Amino acid sequence: MKTIKRYIPLITPLDGNLNIDYLSLEKILFHIIDLEKIDNLIIFDNYSEYKLINVNDRIDLINCIINNNNNNINLKLILKINDIYNYNDLIYEINKKLYKNIYYIILDFPFYYNKIYKEDILINYIKLFKYYKYLYFYFSIKKGCKIDENFLLKLKNKCNNFIGILNKNNYNFQNYELINNIDIIINNDLNLFNNINLNISGVSSPLFYFFLNYFYNEIFLRIQNRKYLKFNNTYYNVINFINILYKKIYTISGIKFLLHYLNICNFYIKDPIYNIDNISYYKKLKILLNKIINN
């Protein structure tokens, strides 16, 4: 089985005035560096609260990441471009000068993919990928989005710089030619354990901020060595942690709460939803976190 690659989404730390906290951003980057087993950093996806980051802040944020990355570690930076599908709009977005030092890009796969327009859509993406021969592209496939493996395989056969899929669906890819030639990355923690034994080559998760060692040693290495997973107390604590984080609270708020607990960043988010100090589920997350990392 392929080595399971690790992708982590960047959280955007904020100060009390809801401006980007660059000191905390550096602490987050150092924390990721200290994890050692992370190779891929995704910027401006949903976890980053990207809709509320203006252009000037994006420039400063990218410069901060690149400066720290050059000085400390060779993380592969992957830019997420959200909710843009039109060929000309994508050209305009990718050509922005602030992205000039980023060579890996995630595009949203068209949610309303229609077989009637399949060939037109395929031609446009082939044209786009060939236009940017020096860039490497992933697709993000959202929940509920139709998946056409033959379409993806045709695109791969025409464009070597189409390299992967971040899959939020609970979908098992079947075409081995496709599986063997691109990275299939789980991008849904609620479905992670259902899909981890399938034909995947990577996982993207904010859970890596907190217990990467557990995933690496007890999940990824055991799968790579064809060993059974341990369904012990730690495993069930991780399942409970995931269910609370994604079903009971606002996920980004929960992640920042725990990063604050670890003295990495504040818990402020752009649209405050909860007074997190008084919410019982946040306290349960903290208890579970300690049980998992201290096991």
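Residues numbered from 1 in each chain as written. Predicted model: local features only at pLDDT ≥ 70, side-chain atom pairs only at ≥ 80, totals over all residues. Heavy atoms only, no water.

Engineer: When you look at the overall build of the chain in this model, what are you seeing that I'm missing?
Structural biologist: A count of helices and strands for the chain gives 11 helices and 8 strands. Once the C-alpha set of the chain is aligned to its principal axes, its extents read approximately 55 × 50 × 35 Å. For the chain, with 295 residues in total, the buried portion stands at 53%. The contacts in the chain between residues at least 6 apart in sequence include a share of 72% that link residues at least 24 apart. Accessible surface, the chain: about 14300 Å² in total, of which carbon and sulfur atoms supply 46%. Of the charged side chains in the chain, 36 are positive and 24 negative; the average position of the first set lies 6 Å away from that of the second. (Helix = DSSP H or I, 4+ residues; strand = E, 2+ residues; numbered from the N terminus. Buried < 20%, exposed > 50% of the residue type's maximum accessible area, 1.4 Å probe, protein only. Contact = heavy atoms within 4.5 Å. Areas by Shrake-Rupley, 256 points an atom, 1.4 Å probe, with all protein chains shown as cover. Lys, Arg positive; Asp, Glu negative; His and termini not counted. Charge placed at Lys NZ, Arg CZ, Asp CG, Glu CD.)

Engineer: Would you mind showing me how to read empty space enclosed by the protein here?
Structural biologist: Gaps left between atoms are located by rolling a probe of water-molecule size over the structure's atoms. If you walk through the whole model with that rule in mind, you get 3 cavities of 30 Å³ or more. Volume-wise, the largest cavity comes out at about 100 Å³. As for the largest cavity, its lining consists of 14 residues, and the residues nearest its centre are Asn167, Tyr171, Ile184, Asn195 and Ile200. Within the lining of the largest cavity, the residues separate by chemical class into 7 nonpolar, 7 polar and no charged. (1 Å grid on protein atoms, 1.4 Å probe; cavity = no way out; pocket = protein on both sides within 12 Å on 5 of 7 lines; lining within 4 Å. Points joined across faces, edges and corners; volume = space filled by probe spheres on them. Nonpolar A, V, L, I, M, F, W, Y, C, P; charged D, E, K, R; others polar.)

Engineer: Just checking my understanding: could you explain the environment of Leu41 for this structure?
Structural biologist: Residue position: Leu41 is located in strand S2 (residues 40-43). Note: C-alpha distance between Leu41 and Asp183 (142 residues apart in sequence) is 15 Å. Leaving out residues up to four positions away in the same chain, Leu41 has contacts with Ile8, Leu10, Leu29, Ile32, Ile65, Leu75, Lys76, Leu77 and Ile78.

Engineer: What is the right way to look at a nonpolar patch on the surface in this model?
Structural biologist: Together, Tyr103, Tyr134 and Tyr136 line one region of the surface with nonpolar side chains, adding up to about 320 Å² of accessible area. Position of Tyr103 relative to the elements: it lies in the loop between helix H3 (87-94) and strand S4 (104-108). (Patch = residues over 30% accessible without salt bridge, like charges linked within 9 Å, V, L, I, M, F, W, Y side chains within 5 Å. Salt bridge = Lys/Arg side-chain N within 4 Å of Asp/Glu carboxyl O.)

Engineer: Explain the side chain of Asn187 here, please?
Structural biologist: Within the secondary structure layout, Asn187 lies in the loop between strand S7 (183-186) and helix H7 (192-195). When its relative accessible area of 10% is taken as the criterion, Asn187 is described as buried. Within the structure, the side chain of Asn187 is placed 3.5 Å from the side chain of Ser204, a separation counted as a polar contact. (Polar contact = N/O pair within 3.5 Å; in protein donor to acceptor, adjacent residues only side chain to side chain.)

Engineer: Whenever I open this one, the nonpolar core confuses me. Can you help?
Structural biologist: A general tendency of soluble globular proteins is for nonpolar side chains to be buried together. Ranked by size, the top nonpolar core spans 101 residues in total, and within it Leu152, Phe215 and Phe241 carry the most contacts. Counting residues per element, this core draws most heavily on helix H8 (residues 208-224), at 10 residues. Those residues in contact with Phe215, other than ones at most four positions away along the chain, are Leu192, Phe193, Leu207, Phe208, Phe220 and Val238. (Core = buried A, V, L, I, M, F, W, Y, C linked by side-chain atoms within 4.5 Å.)

Engineer: Explanation requested: the pairing of S7 in the structure shown.
Structural biologist: Along a regular strand, successive side chains alternate from one face of the sheet to the other. The alternating pattern of S7 places Asp183 and Ile185 on one face and Ile184 and Ile186 on the opposite face, and all of these are buried. Direction of pairing for strand S6 (residues 162-167) relative to S7: parallel, over a ladder of 4 bridges. Paired with Leu166 across the strands is Ile185, a residue of S7. Judged from the 2 bridges that link them, S7 and strand S8 (residues 202-204) form a sheet pairing that is parallel. By the bridge assignment for S8, Ile185 is matched with Gly202. (Pairing = 2+ DSSP bridges.)

Engineer: How do you make sense of the packing of aromatic side chains when you look at a structure like this?
Structural biologist: Enumeration according to the criterion identifies 28 aromatic pairs in this entry. Geometrically, the ring pair formed by Tyr104 and Tyr136 is stacked, given 5.1 Å between the ring centres and 20° between the ring planes. Pair noted here: Tyr104 is in strand S4 and Tyr136 is in strand S5 (residues 136-141), with a separation of 32 residues, a long-range link. Taking the relative accessible area as the measure of exposure, Tyr136 reaches 34% and is therefore partly exposed. Taking the centre distance of 4.9 Å and the plane angle of 90° together, the rings of Phe231 and Tyr235 count as edge-to-face. (Phe/Tyr/Trp six-rings, centres within 6.5 Å; stacked < 30°, edge-to-face > 60°.)

Engineer: Sorry if this is basic, but what is going on with helix H5 (residues 149-158) here?
Structural biologist: Given 3.6 residues per helical turn, the α-helix brings residues three or four places apart onto the same face. Listed as buried for H5 are Glu149, Phe151, Leu152, Leu153, Leu155 and Lys156. Tucked into the core, H5 has its buried residues touching helix H4 (118-131), S5, S6 and helix H6 (176-179). In this structure Asp148 caps H5, since a side-chain oxygen of it lies 3.1 Å from the backbone nitrogen of Asn150.

Engineer: I tried to follow helix H10 (residues 251-261) on my own but got confused; where do I start?
Structural biologist: Along H10, 9 of the 11 residues are buried, which leaves the element largely enclosed by surrounding structure. Each element contacted by the buried residues of H10 is listed here: H8, helix H9 (233-247) and helix H11 (280-293).

Engineer: Looking at this structure, I do not really get the sheet that holds S2. What am I missing?
Structural biologist: Across a sheet, strands are paired by hydrogen bonds formed along the backbone, either parallel or antiparallel in direction. Read around the barrel, 8 strands follow the order S1-S2-S3-S4-S5-S6-S7-S8 and close on themselves; strand pairing throughout is parallel. For this sheet the average axis-to-axis angle between neighbouring strands, irrespective of direction, equals 25°. Here H4 sits on the sheet and contacts S4, S5 and S6; the angle it forms with S4, its principal contact strand, is near 165°. Each of S5 and S6 touches H5; the most contacted strand, S6, lies at about 150° to it. (Axes fitted to C-alpha atoms, helices over the stretch in contact; angles between N-to-C directions.)

Engineer: When you look at the pattern of salt bridges in this model, what are you seeing that I'm missing?
Structural biologist: Should the charged atoms of two oppositely charged side chains come close, the side chains can pair. If you walk through the whole model with that rule in mind, you get 10 salt bridges. Of the charged contacts in the structure, one is a salt bridge between Lys5 and Asp183, with a shortest N-O distance of 2.9 Å. On the criterion of sequence distance, the pair formed by Lys5 in strand S1 (residues 5-9) and Asp183 in strand S7 is long-range, its members being 178 residues apart. Judged by its relative accessible area of 13%, Asp183 is buried. Note that Asp148 is salt-bridged to Lys118, the shortest N-O span being 3.8 Å. You can see Asp148 sitting in the loop between S5 and H5 and its partner Lys118 sitting in helix H4, a full 30 residues away along the chain. Assessed through its relative accessible area of 10%, Asp148 is described here as buried.

So yeah, pure geometry; function would need other evidence.
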